[in-house]
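# Reading the structure
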Amino acid sequence: MTDLLTMKGINKSFSGVKVLEDVQFSLRQGEVHALMGENGAGKSTLMKILSGIYSKDAGSIQIHGKESVASSPKTAQALGVAIIHQELNMIPDLSIIENMFLGREFKWGRTGFVNWPRMRSEAKNYLQQLGMELNPDIRAGELSVGQQQMVEIAKALSMQAKILVLDEPTAALTKREIEKLFQLIANLKTQGVGMIYISHRMEEIFQISDRITVLRDGRYIGTRDTDVTTMDELVQMMVGREIKERFPKVEKEIGAECLRVEGLEQEGKLYDINLSVRAGEILGIAGLMGAGRSELAKALFGVGKYQGKIFVNGRAVSIKNPQEAIKAGLALITEDRKGEGLVSDLSVRENLALPNLRSLSRFGFISHRMEQKFVEDSIKKLNVKVHHPGQWVSSLSGGNQQKVVIGKWLATQPNVLILDEPTRGVDIGAKREIYDLMNQLVQKGVAIVMISSELPEVLGMSDRVLVMHEGRITGEFLRENATQETIMIAATGGKNHG
Amino acid sequence: MAKVQGKSGILQRMGPLVGLILIVIILTIFNSDFLTVGNIFNVFRQVSINALIAFGMTFVILTGGIDLSVGSIIALSSAFVAGMMAAGSGSMLAIGVGVLSGTLMGTINGVVIARGKVAPFIATLATMTIFRGLTLVYTEGKPITGFPDTFGQIGRGYLFDIPMPVIWMLVAFGVLYVILKFTSFGRHVFALGGNEEATRLSGVNTNRVKVLVYSISGLLASLSGIILTSRLNSAQPTAGTSYELDAIAAVVLGGTSLSGGKGWIAGTLVGAMIIGILDNGLNLLNVSSFYQQVVKGGVILLAVLLDRSKGKQ
Ligand SMILES: Nc1ncnc2c1ncn2[C@@H]1O[C@H](COP(=O)(O)OP(=O)(O)OP(=O)(O)O)[C@@H](O)[C@H]1O
Ligand SMILES: [Mg+2]
């Protein structure tokens, strides 16, 4: 039997910089083939070539043994290739239905009039397969990042592709959605759909893939059968070295209270939130998608009106906008890096400098020398893979974009750092770098609030864990007493304290 | 390592300049009067009014906005200047008041857009009508004349053989270029146009940036209104009608994206030159003014189409 898809000798350069060199990849019917590699290894680029977004410089792509070149996403669809992109691509002002069927609306016969009832029922159907009880008529902009991700998945499903590419689909999802997604993947397998699965989460890869291919620095390293390989072997293949200890521990001192919140409320979103974080402490916040964790982070950062009291270093502060939050010593790294974290039309340099312009300028004039030095330092410190600091930030790989978001805030020297899904889409080596960075910060006396949907991360990094459910805090645990089970109970509304 | 953005960026930016040079070459071939020092200054003088407005418009468009009210700001601020001088006040004071009033009109636009969250197109469409109406009320629909001689120097004078309007234009260009390129405010303008939410969450007071941008647009409109009034030696209640269109065209021809976040002010200068040279050149070639419009529109369309095709990967 011929493979469903064979890619051979793929090369790709951007303005003279090689990002893929002689890469090969194959996919069988009904197979889940995982694609792994560090941030910037070229995974997304390879998939964008397959789906007609970029053109390859050299190499062959065969689908069902026939040379097939997708010159645009439209022709890729015709070839049976659908892709769920790493970065969300919803149009916020269109409804879910309109987003799902954009460019391939159902019509009444040949009239050109849109067949709304059919689209509505199809949209509902695909959402239901994913266990989503969403009204398909609401605007995409009203959805949370996780919900948007689910709609993207539903959209790809509705294309009924033979080859389905999932580029980090679970990065924004919580446990329950992921389980639904995995059931669905199992279903599609039996229907003979071949799936390419990109993820930085080892557990997932081992749970659902049949084979694993590893790329490093744009080169093909090897392919293994999932049941015979090990995590250590894969890490070795990906980074070329061993990584011990996923969650590093450090000696540190927990000091005075840095941030206290009393009775914080936000109309329809947050109810009676009380919390406190001390210098040198990492407070983890767990919860399901839509539990109000990101809303809490944003409320603290001056987005939207709130009732209640906020104290920073013991002083009552009123935070009405992000400027005041920054002045009070807060920094927020948001979960939605494309929508809220980065200005994609600006360069890496300009993005890094944006919240720091005040300290990088004299009398309103930006000091080129100071900016240059600051940017080079940040890039080095965070180990961001860039060709040049003047490069558009949107041309970085997802994980490296995340590092830029973190980098732009570190330099503001916050007292309280709020991280919303800090390692979303970040590779295992870079994750470790981010954890090390967090540890360095708490050792210097910074208080960290870390929102995360990855329970191992919450358990591994936090000193204390709060759990949220429907806008309320439903559980609080010390690290020693927290387990995945107790957290999940609190996250689904069961009240308990540890 | 290669600069990933650098190369294509420069090419993209040189496009309008190449177009301008092409047009100059063609016009020179067809008419020997075109490339003379006298005519070139003439073109520059004609361009200066539109260029000043377009500079301000560049700031607005970079933030993703639009300012349709510039033509009416020209009329109303000129009327104030003219009215004061006709009533006997000195030209310096009158100019000061005129510039201040234009800036204030821009500020009103900015506040309505930033605080009132009204779409820039609608907000400035409304103020365009309001300011024009106020002009008619103030002037009673009649031109205002009778200015001191010194005032005439602003639009008709020369400095070392260079027409004064050209000097004003170059000074404004220099100042604005520096602001946009080297100040944190300039950086905020680009960031705001690229991603408003991310910019706000980075601690930038985005409302303030918006208000400033429209104020700058109002200020430059009133400056060009004063030059216009000085050149014509009268303030017309209909002055500046539809000037916003040429200004927007200059910005777009210069390569600034209407959706904000991308562009540069030097491009706008080139864009304004292209429009001015087309007007002038077609006149020299005795093309009827009816056809001139067709050609001008065609060039704008062509330029934007070329720009689009370059943007693809
Ligand atoms: N449009 C582009 N222009 C220039 N360089 C690009 C472009 N797209 C990607 N690159 C570069 O290609 C390399 C590979 O990027 P890619 O997005 O494929 O990585 P990835 O393996 O998907 O990483 P991640 O796990 O972080 O998502 C990176 O160095 C990136 O900077
Ligand atoms: Mg990627």
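Residues numbered from 1 in each chain as written. Chains lettered and ligands numbered in written order. Predicted model: local features only at pLDDT ≥ 70, side-chain atom pairs only at ≥ 80, totals over all residues. Heavy atoms only, no water.

## Considering the overall build of chain A
Defined as follows: Working definition: helices are DSSP H or I runs of at least four residues, strands are E runs of at least two. Numbering for both runs from the N terminus. It is over C-alpha atoms that the radius of gyration is taken, and the globule rule equals 2.2 Å times the number of residues to the power 0.38. The buried label goes to any residue with under 20% of its type's maximum accessible area, the exposed label to any with over 50%, and the partly exposed label to all in between, with areas taken from a 1.4 Å probe on protein chains only.
From N to C terminus, chain A includes 18 helices and 23 strands. Its C-alpha atoms give chain A a radius of gyration of 23 Å, near enough to 23 Å, the size a compact globule of 498 residues would have. The principal-axis extents of the C-alpha atoms in chain A amount to approximately 70 × 50 × 50 Å. Considering chain A as a whole, with its 498 residues, one finds that 56% of them fall into the buried category.

## Here's the deal with the coordination of the magnesium ion (ligand 2)
Tetrahedral coordination by four donors places them ideally at 109.5 degrees to one another around the metal; octahedral coordination by six donors ideally gives 90 or 180 degrees. Residue and element names in this part refer to chain A. Using the following cut-off: Distances decide who is a donor: an N, O or S atom must be within 2.8 Å of the metal, or within 3.2 Å for Na, K and Ca. Water is not included, so sites may look incomplete.
Distances from the magnesium ion (ligand 2) to its protein donors, Ser-44 (OG) and Gln-86 (OE1), fall within 1.9 to 2.1 Å. Residue Ser-44 is located in helix α1 (residues 43–50), and its partner Gln-86 is located in the loop between β6 (81–84) and α3 (96–100); the two are separated by 42 residues in the primary sequence. Since its relative accessible area comes to 17%, Ser-44 is described here as buried.

## Observations concerning the site of ligand 1
Threshold: One heavy atom within 4 Å of a molecule or strand is enough for the residue carrying it to be called near that molecule or strand. N or O atoms within 3.5 Å of each other form a polar contact, as long as, within protein, one can give a hydrogen and the other can take it, and as long as residues adjacent in sequence are counted only when both atoms are side-chain atoms. Each accessible area value is a Shrake-Rupley result obtained with a 1.4 Å probe; residue values ignore everything except the protein chains displayed when judging cover. Throughout, the edges of the domains are those of an automatic or database domain assignment.
Around ligand 1, 22 residues are found, and the nearest of them are Asn-39, Lys-43, Ser-44, Thr-45 and Gly-399 of chain A. Looking at the residues close to ligand 1, they fall on chains A and B. Here Asn-39 of chain A contributes a side-chain N or O atom positioned 2.7 Å from an oxygen atom of ligand 1. One of the backbone N or O atoms of Ser-395 of chain A is found 2.9 Å from an oxygen atom in ligand 1. Burial of ligand 1 by the protein chains amounts to 92% of its free accessible area of 640 Å². Listed by contribution, the elements that provide at least two residues to the shell around ligand 1 are α1 and α15 (398–410) of chain A. Counting residues per element, the shell around ligand 1 draws most heavily on α1 of chain A, which supplies 3 residues. Both of domain 1 (3–90 + 143–239) and domain 2 (257–497) of chain A provide at least three residues apiece to the shell around ligand 1.

## A short note on the pattern of salt bridges
Residue and element names in this part refer to chain A. Filter applied, for reference: Should a side-chain nitrogen of Lys or Arg be within 4 Å of a carboxyl oxygen of Asp or Glu, the pair is scored as a salt bridge.
Scanning all chains against the criterion turns up 33 salt bridges over all chains. With a closest N to O distance of 3.3 Å, Glu-204 and Arg-201 form a salt bridge. In this structure, the salt-bridge partner of Glu-324 is Lys-320, at a minimum N-O distance of 3.8 Å. Judged by its relative accessible area of 59%, Lys-320 falls in the exposed class. Through salt bridges with shared partners, a single ionic network connects Arg-201, Glu-204, Lys-431 and Glu-454.

## A closer look at the domain arrangement of chain A
All names here are of chain A. The condition is simple: Here, two residues are considered to be in contact whenever any of their heavy atoms come within 4.5 Å of each other. Buried area counts how much accessible surface, traced with a 1.4 Å probe, disappears from two parts once they are put together, with both parts' losses summed.
Domain annotation for chain A reports domain 1 (3–90 + 143–239) and domain 2 (257–497). With centres defined by C-alpha atoms, the gap from domain 1 to domain 2 works out at 29 Å. Each partner contributes residues to the interface: domain 1 has 28 residues there, and domain 2 has 27 residues. A combined buried area of about 2200 Å² lies between domain 1 and domain 2, and 55% of that area is made up of carbon and sulfur atoms. Three residues stand out in domain 1 for area buried against domain 2, namely Asn-39, Glu-87 and Thr-174, and they jointly supply 26% of the buried area on that side. Linking Glu-454 and Arg-201 is a salt bridge whose minimum nitrogen-to-oxygen distance equals 3.6 Å. Between the two partners, domain 1 and domain 2, sit 3 residue pairs in polar contact (both at pLDDT 80 or more).

## Section: the sheet that holds strand β11 (residues 257–266) of chain A
The strands making up a sheet are joined through hydrogen bonds of the backbone, oriented either antiparallel or parallel. All names here are of chain A. The cut-off we apply is this: A pair of strands is labelled paired if DSSP reports no fewer than 2 bridges between them. Under this scheme, a helix contributes an axis fitted over its contacting stretch, all axes are lines through C-alpha atoms, and angles between N-to-C directions fall in the 0 to 180 degree range.
Spatially, β12-β11-β14-β15 is the arrangement adopted by the 4 strands of the open sheet, whose pairing is antiparallel. Unpaired on one side and paired on the other, β12 (270–278) and β15 (315–317) mark the two borders of the sheet. This sheet shows a mean twist of 20° between the axes of neighbouring strands, independent of strand direction. With 3 bridges connecting them, strand β14 (residues 307–312) and β15 associate as antiparallel partners. Bridge assignment links Val-312 to a residue of β15, and that residue is Arg-315.

## Side note on the pairing of strand β9 (residues 211–216) of chain A
Residues and elements named next belong to chain A. Counting buried positions along β9 yields 5 of 6 residues, so the element is predominantly enclosed. Where strand β3 (residues 32–36) meets β9, 4 bridges bridge the pair, whose relative direction is parallel. What sits directly across from Ala-34, in β9, is Ile-212. Taken together, the 6 bridges between β9 and strand β10 (residues 219–225) define a ladder with antiparallel strand orientation.

## Here we look at the environment of Gly-157 of chain B
Residue and element names in this part refer to chain B. One can find Gly-157 in the loop between α6 (149–156) and β2 (158–159). Here Gly-157 falls in the buried class, since its relative accessible area comes to 5%. Counting along the chain gives 51 residues from Gly-157 to Gly-106, while the straight-line C-alpha distance between them is 28 Å.

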